[in-house]
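# Commentary on secondary and tertiary structure
Here is what each chain is made of, one letter per residue.
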Amino acid sequence: MNNSFTYKNFDLNIFLIGFHGFDIYNYPRARLTSSLSPFPELAERWIAGKNENAIIAGFGKDRDAITSPETVASSTFVEKGDFVKLKSITLGYNFSKGLLSKINLSAARVYFSIKNVCTITKYSGNDPELSISNPLRPGLDMGTYPSQREYLLGLNVSF
């Protein structure tokens, strides 16, 4: 959804995207939770004779059992990927024609833009959008670094 608003010499553009109804396998969380890590859910992992109804698997007897893909893969780490992301906000100001005619310009606009402003999601990984952007691995979060926030200050001038 892209919205543009104007008031006097100001303009504002807001660009939102959202996706609903898809799942993401959170591979980094699966790997870290299945090994020695600081995640609080490890306190609720399966322990023989103590916590046998847990949904988090217990640790294997050796390091290979802990880190093998067979031990890690679990529907426990499939999460809802629904999100709404504020992709960009741009605020601009168009200088008046009267002021510009004095300095031989026909138009001038200064603007400030922010990209990747915020994401609203219940997904525990870095960025749910990245799991749908790779057509070779849709729905799989492999720990890709999240989209960086960008700031831009610009000036458009016409002579």
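None of these values were measured; they are calculated from a predicted model.

## Comments concerning the overall build of the protein
Assigned secondary structure in the protein consists of five helices and eight strands. The N-to-C order of helical and strand elements in the protein reads β-β-β-α-α-α-β-β-α-β-α-β-β. In the protein, 67% of the contacts between residues at least 6 apart in sequence involve partners at least 24 apart. Surface summary for the protein: the accessible area is close to 10,700 Å², and the carbon and sulfur share equals 60%.

## Some points on the sheet that holds strand E4 (residues 78-80)
As summarised here, the arrangement of the three strands in space is E4-E3-E7, forming an open sheet in which the pairing is mixed. Looking at which strands have only one partner, the edges of the open sheet turn out to be E4 and strand E7 (140-141). Pairing analysis gives two bridges linking strand E3 (residues 23-26) to E7, with the strands arranged parallel. From the neighbouring strand, Tyr25 faces E7, where its bridge partner is Leu140.

## Examining the sheet that holds strand E6 (residues 107-121)
Taken in spatial order, the five strands of this open sheet run E1-E2-E5-E6-E8, and their pairing is antiparallel. Looking at strand neighbours, the two that pair on one side only are strand E1 (2-7) and strand E8 (150-158), the edges of this open sheet. Neighbour-to-neighbour, the strand axes of the sheet open up by a mean angle of 15 degrees, direction not taken into account. Two elements, E1 and strand E2 (residues 10-19), share six bridges in a ladder whose sense is antiparallel. Within E2, the position partnered with Asn3 by the bridge is Ile14.

## Quick look at the pairing of strand E5 (residues 83-94)
As paired elements, E2 and E5 share ten bridges and run antiparallel to each other. When the sheet's bridge partners are listed, Phe19 is paired in E5 with Phe83. Two strands pair when backbone bridges link them, and E5 and E6 are joined in this way by eleven bridges, in the antiparallel orientation. Directly across from Tyr93, in E6, lies its bridge partner Val110.

## Focus: the nonpolar core
Counting five residues, the largest nonpolar core consists of Ile17, Phe22, Ile24, Phe83 and Tyr123. With sequence-adjacent residues up to four places away left out, Ile24 is seen in contact with Phe77, Val78, Glu79, Gly81, Tyr123, Pro128, Ser131, Gly139 and Asp141.

## Quick look at the packing of aromatic side chains
Scanning the entire structure with this criterion turns up six aromatic pairs. Each ring, one from Phe19 and one from Phe22, has its centre 6.5 Å from the other, and the planes form 90 degrees; the classification is edge-to-face. Overall, Phe19 belongs to the partly exposed group, its relative accessible area being 40%. The interplanar angle of 90 degrees and the centroid separation of 5.3 Å between the aromatic rings of Tyr93 and Phe95 together place this pair among those described as edge-to-face. One aromatic cluster in this structure is built from Phe10, Tyr93 and Phe95.

## Side note on the environment of Tyr27
For Tyr27, the position within the fold is in helix H1 (residues 27-33). Put simply, Tyr27 and Val78 are 51 residues apart on the chain and 8.8 Å apart in space, counted from C-alpha to C-alpha. Not counting residues within four places of it along the chain, the set of residues in contact with Tyr27 comprises Leu140, Asp141 and Met142.

## Quick look at unusual backbone geometry
Of note in the backbone geometry, Lys8 takes a positive phi value of approximately 55 degrees without being a glycine. We classify Lys8 as exposed; its relative accessible area is 70%. One non-glycine residue, Asn104, lies in the positive phi region at around 60 degrees. Here Asn104 lies in the loop between helix H4 (97-101) and E6. On the basis of relative accessible area, Asn104 is assigned to the exposed category, the value being 64%.

Cut-offs and rules
- Residues numbered from 1 in each chain as written.
- Predicted model: local features only at pLDDT ≥ 70, side-chain atom pairs only at ≥ 80, totals over all residues.
- Heavy atoms only, no water.
- Helix = DSSP H or I, 4+ residues; strand = E, 2+ residues; numbered from the N terminus.
- Contact = heavy atoms within 4.5 Å.
- Areas by Shrake-Rupley, 256 points an atom, 1.4 Å probe, with all protein chains shown as cover.
- Pairing = 2+ DSSP bridges.
- Axes fitted to C-alpha atoms, helices over the stretch in contact; angles between N-to-C directions.
- Core = buried A, V, L, I, M, F, W, Y, C linked by side-chain atoms within 4.5 Å.
- Buried < 20%, exposed > 50% of the residue type's maximum accessible area, 1.4 Å probe, protein only.
- Phe/Tyr/Trp six-rings, centres within 6.5 Å; stacked < 30°, edge-to-face > 60°.

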